[in-house]
Amino acid sequence: MVKGYMNKWLKVNLTTQELEEFTFSDEILRKFIGGKGIAVHYMWEYAKKLEEKRINLQEMDALSPDNILVFATGPVTGTKSPNSGRHHVMALKSPLTGSIGSGNSGGRWGAKLKFAGYDGIIVVGKADRPTYLSLIDKKAELHDATELWGKNSIETSDWLRTKHNVKRAGVSCIGPAGENLVPIAVIMNEEHRAAGRTGLGAVMGSKNFKAIIVEGKAKPEIANPKEFGSKVKEHVEKLKENGVTGQGLPTYGTAVLVNIVNQNGLFPTKNWQSGVFDEAEKLSGETLTEEYLISKHPCYGCVVACGRKTKVDKGNYKTSYTEGPEYESIWALGGSTAVSDMSAVIRANHYCDILGMDPISMGSTIAAAMELTQNGKIPEDDSQGLKVEFGNPDAVVELAWMTAYRQGLGYWIGEGSRKMCQHYGAPDLSMEVKGLEMPAYDPRGAKGIGLNYATSNRGGCHVTGYTIAAEVLGDVDRFTIEGKAELTKTFQDFTSIVNSSVNCLFLTFALGLDEYAEMIGPITGWDVNADELLKTGERITNLERMILNKLGLSGKDDTLPKRLTDEKMPSGPSEGQTVDLETMKQEYYHLRGWEDGIPTVSKISELGLN
Amino acid sequence: MKVLVKVFATLRKKYPEINDMNPLVLEFEEGVTAKEIIKKLDFQISEIHLILLNGRKIKPETSISDNNGILSLFPPIGGG
Ligand code: SF4
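Residues numbered from 1 in each chain as written. Chains lettered and ligands numbered in written order. Predicted model: local features only at pLDDT ≥ 70, side-chain atom pairs only at ≥ 80, totals over all residues. Heavy atoms only, no water.

Caption draft 1: Broad picture of the overall build of chain B. Scanning chain B for helices and strands turns up 1 helix and 7 strands. If you list the helices and strands of chain B from N to C, you get β-β-β-α-β-β-β-β. The globule rule puts the C-alpha radius of gyration for 80 residues at 12 Å, and the 12 Å found for chain B is close to it. Counting only C-alpha atoms and orienting by the principal axes, one finds that chain B spans roughly 35 × 25 × 25 Å. (Helix = DSSP H or I, 4+ residues; strand = E, 2+ residues; numbered from the N terminus. Rg over C-alpha atoms; globule rule 2.2 N^0.38 Å.)

Next up, the structure:
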């Protein structure tokens, strides 16, 4: 048995209430590592079984009992390697996008799942009443969750910890938004951390599955403890010495990006009508630190501590305790909507946390609603007196609450910008890819991130291939398209390794693939190097793409909104720019060995995927 | 020639009052380099990771000749 793993997975069939334990072979673990990789492998096999049962995957409802949820850790999770408390969650189909569902979460739940004795959990079927799962000290049990239904993420976590008498247990759960099947619902854990994108919370809600509580004392065994210990020490030193992980992130959190992105003129403002927000300073990490910060809050085993504990002492949006907001949430709920009141952003983000919704999709869809209003597309009856206008903080805070309960215009916000803009007859105002709202960097000012948005398997996403690290924060020319195909491919495949290990993506500001080999090697006992890891990352990205192809997605879906390819950036430091996506995309497909967004037979066989 | 200097993140420890909305306005001869301005502000060049002139990356040696140019200085920062 390979070390580093607990070598035990749990399959939960909510329809039959059966619990079954199983393992993966050593060969499969080496091929897919864990986390996202192993989840993709499992879902590929599962998708084939559904096809054998003559279930049409393209027509399958993401909220049907046939959809599957995978909660996965990897060999690095829960070890002494830094920042290793994270876990990955996937669904075969996202209710928001129709593509694959995928989210990576911080916190400590991932580590605690391993301490409870399990590497991961598969959830299929649908319970006939609200249900939750406890995994405590290697024992798995399903319980009635009727009393929990309707509770928010804080209440749910408190209730479960009290009920099971485990004070610091990890709790993953949905809030009211997931219960109400809102397509932008998330799965929360540790109250303020989320597997945050593609509507995974609605999939959980559709299964009548409220929560998973995990706790235990088991520890993963390490194959070569001595070597591992010395590498951990080296890696921690590198993280402390690095300016980003040793200073920038610990001092200001991710919100430190607000100013630099705005100074570069790619901070999407007013639903991407501009790349500069004149009042960005009020939303900056510097302002957050000076006026709202209580203290830092690291995830399990984290030596960086980008997490923030915050509060709002005065004004309309008093909040005695919350966490965040992250850069992306600040941008979506603030810059995108042209709201410069940080306290309103904190309040709206708090609602997203406790009610269980994705603040990126939330803010971006509200911004689209504001542009629809600007263009006279939303009838007054629909907005019910609420001024859904750029710059109005009340609209953002109110709509965040209304969305969880599907009230008024909140219904359409919850459906995401693609469906909402189609409904109001202006589909071009929807700023998403594959139905997933794009995050906080306008690719007209950094071309590589545009290629990543277009080709990312889960849709408009930055963390699957964060080329911003090179284009804006590093030395690479942000405007050229030359070399961006290769840059994007490398970032994507490396990220697949991070999300399969599973630890924190922010490590990659200081640690490269060699260091990942130095973690995974001594933990597992494999003689693994950077080249093998990059190939493994490529295998995972490709298999995920093959699932997309089964769901009916291909090159036609690797697109960007017209605003980015056809409308020149109107002003600021990225003025006059558009994205020449087609040229980059063809080069990217060529490098990937794909034809029209589909891996070729020879690529599939090269990666050992046939 | 006027240069509008903005400093960010940990660089504000030295200039807490300077921000995006309140730049430091300094007079220089045309052709001054970014490095000279950084020295004048009493920063070590090693403290500065990114220099933007009107939102475009420049090198410390780049000389500046536009009146009212905006010089933004950053230490190493990142996020996601
Ligand atoms: S750097 Fe931030 S997100 Fe990453 S593990 Fe630490 S606190 Fe969590």
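Continuing now.
Caption draft 2: Representation of the nonpolar core. Formed by 165 residues in total, the largest nonpolar core has its most connected members in A:L92 and A:Y441. Of all hydrophobic cores here, the second largest spans 27 residues; its members include A:L14, A:V89, A:L133 and A:I187. (Core = buried A, V, L, I, M, F, W, Y, C linked by side-chain atoms within 4.5 Å. Buried < 20%, exposed > 50% of the residue type's maximum accessible area, 1.4 Å probe, protein only.)

Caption draft 3: Region of the structure containing the domain arrangement of chain A. All names here are of chain A. The domain boundaries assigned to chain A delineate domain 1 (9–215), domain 2 (252–436) and domain 3 (442–606). For domain 1 versus domain 3, the distance between C-alpha centres works out to 26 Å. The interface is formed by 44 residues belonging to domain 1 together with 33 residues belonging to domain 3. Where domain 1 abuts domain 3, roughly 3400 Å² becomes buried across the two surfaces, and 66% of that area is made up of carbon and sulfur atoms. Linking domain 1 to domain 3 there are 3 salt bridges. Here K36 ties to E544 by a salt bridge, and the two come within 3.0 Å at their closest N and O atoms. Residue assignment for the side of domain 1 that touches domain 3 shows that the elements contributing at least two residues are α1 (26–32), α2 (35–52), β4 (87–91) and β5 (101–105). Of the residues assigned to the side of domain 1 that touches domain 3, the class counts are 15 nonpolar, 21 polar and 8 charged. (Domains from an automatic or database assignment. Contact = heavy atoms within 4.5 Å. Buried area = accessible area lost by both parts, 1.4 Å probe. Salt bridge = Lys/Arg side-chain N within 4 Å of Asp/Glu carboxyl O. Nonpolar A, V, L, I, M, F, W, Y, C, P; charged D, E, K, R; others polar.)

Caption draft 4: Molecular detail of the packing of helix α20 (residues 484–501) of chain A against helix α22 (residues 530–550) of chain A. Residues and elements named next belong to chain A. Relative orientation of the contacting elements α20 and α22 amounts to 90°, with a least axis distance of 8 Å. Relative to α22, the element α20 is oriented roughly perpendicular. Every residue of α22 that contacts α20 at K489, T490, Q492, D493, F494, S496, I497 and S500 is listed here: L533, L534, T536, G537, E538, I540 and T541. (Axes fitted to C-alpha atoms, helices over the stretch in contact; angles between N-to-C directions. Parallel < 35°, antiparallel > 145°, perpendicular 65-115°, else oblique.)

Caption draft 5: Fine view of the pairing of strand β7 (residues 131–136) of chain A. Residue and element names in this part refer to chain A. Burial analysis of β7 places 6 of its 6 residues in the buried class, the great majority of the element. The alternating pattern of β7 places T131, L133 and L135 and Y132, S134 and I136 on opposite faces, both of which are buried. Bridging between β7 and strand β8 (residues 139–144) involves 6 bridges; their strand directions are antiparallel. In the strand pairing of β8, T131 is matched with D144. Counted along the chain from β7 to the antiparallel partner β8, the turn is 2 residues long, and its residue D137 has a positive phi close to 50°. (Pairing = 2+ DSSP bridges.)

Caption draft 6: Region of interest: the packing of aromatic side chains. All names here are of chain A. On inspection of all chains with the given rule, the structure shows 25 aromatic pairs over all chains. Consider the rings of Y5 and W526, whose centres lie 6.4 Å apart with planes at 50°: the pair is tilted. Taken together, the residues span a long stretch of sequence, with Y5 in the segment before β1 (9–13) and W526 in the loop between α21 (513–524) and α22 at a distance of 521 residues. Like W526, Y5 is buried. A network of ring pairs unites the aromatic residues F267, Y327, Y441, Y466, F506 and F509 as a single cluster. (Phe/Tyr/Trp six-rings, centres within 6.5 Å; stacked < 30°, edge-to-face > 60°.)

Caption draft 7: Region of interest: the sheet that holds strand β5 (residues 56–57) of chain B. Residues and elements named next belong to chain B. Strand order in this open sheet of 5 strands is β2-β1-β7-β4-β5, and the pairing throughout is mixed. Of all the strands in the sheet, the pair left with one neighbour each is β2 (24–27) and β5. Bridge analysis of strand β1 (residues 2–7) against strand β7 (residues 69–74) gives 5 bridges, and the strand direction is parallel. Paired with V5 across the strands is L71, a residue of β7.

Caption draft 8: Summary view of the site of the ligand. Near the ligand the following residues occur: A:N83, A:R86, A:R193, A:P298, A:C299, A:C302, A:V304, A:A305, A:C306, A:G307, A:C504 and A:F506. Looking at the shell around the ligand, its residues break down into 8 nonpolar, 2 polar and 2 charged. (Near = heavy atom within 4 Å.)

Caption draft 9: Up close: the environment of A:T73. All names here are of chain A. Looking at the secondary structure, you find T73 in the loop between β3 (69–72) and β4. T73 sits in the buried class, given a relative accessible area of 2%. C-alpha of T73 to C-alpha of A111: the two residues are 38 residues apart in sequence and 7.8 Å apart in space. Setting aside residues no more than four positions away along its own chain, T73 makes contact with G34, G35, H87, G110, L113, K114, D119 and V502.

Caption draft 10: View of the interface of chain B and chain A. Between chain B and chain A, the residue contacts involve 23 residues of the former and 37 residues of the latter. Taking both partners together, chain B and chain A bury about 2300 Å²; carbon and sulfur atoms supply 56% of that area. A per-residue breakdown of the area chain B buries against chain A is headed by B:K57, B:I77 and B:G80, which together make up 26% of the total. Our enumeration of links across chain B and chain A arrives at 1 salt bridge. Of the charged contacts in the structure, one is a salt bridge between A:E281 and B:R12, with a shortest N-O distance of 2.8 Å. Across the chain B-chain A interface, the total number found is 14 residue pairs in polar contact (both at pLDDT 80 or more). Of all elements in the fold, only β4 (50–53), β5 and β7 of chain B reach the threshold of two or more residues within the side of chain B that touches chain A. When residues in the side of chain B that touches chain A are grouped by element, the largest group, 3 residues, is from β7(B). Partitioning the side of chain B that touches chain A into residue classes produces 9 nonpolar, 9 polar and 5 charged. (Polar contact = N/O pair within 3.5 Å; in protein donor to acceptor, adjacent residues only side chain to side chain.)

Caption draft 11: Here's a closer look at the packing of α21(A) against α22(A). Residues and elements named next belong to chain A. Two elements in contact, α21 and α22, have axes whose closest approach is 8 Å; the angle formed by their N-to-C orientations is 95°. By the angle between their directions, the pair α21 and α22 is classed as roughly perpendicular. Judged by residue contacts, L513, D514, Y516, A517 and I520 of α21 engage A530, L533 and L534 from α22. The residue makeup of the contact of α21 with α22, split by class, is 7 nonpolar, no polar and 1 charged.

Caption draft 12: Summary view of the sheet that holds β8(A). All names here are of chain A. One open sheet accounts for 6 strands, arranged β8-β7-β12-β9-β10-β11; its pairing is mixed. Pairing within the sheet leaves two strands with one partner each, and these edge strands are β8 and β11 (193–195). Strand-to-strand, the axes of this sheet are offset by a mean angle of 20°, without reference to chain direction. The pairing of strand β9 (residues 170–173) with strand β10 (residues 187–189) spans 2 bridges and is antiparallel. Looking at the pairing, C173 lines up with M188 of β10.

Caption draft 13: Geometry of the pattern of salt bridges. All names here are of chain A. Taken as a whole and judged by the stated rule, the model has 38 salt bridges over all chains. A salt bridge links K585 to E582; its shortest N-O distance comes to 3.7 Å. On the criterion of helical spacing, the pair formed by K585 and E582 is a turn pair, its members being 3 residues apart in helix α24 (residues 581–592). Sharing partners across several salt bridges, the network here consists of K535, E538, K603 and E606.

Caption draft 14: Structural detail: the state of the cysteines. All names here are of chain A. Scanning the entire structure with this criterion turns up 0 disulfides over all chains. In this structure C421 is not part of a disulfide, and its nearest cysteine sulfur, from C352, lies 18 Å away. Among the residues examined, C421 registers a relative accessible area of 0% and is labelled buried. (Disulfide = S-S within 2.5 Å.)

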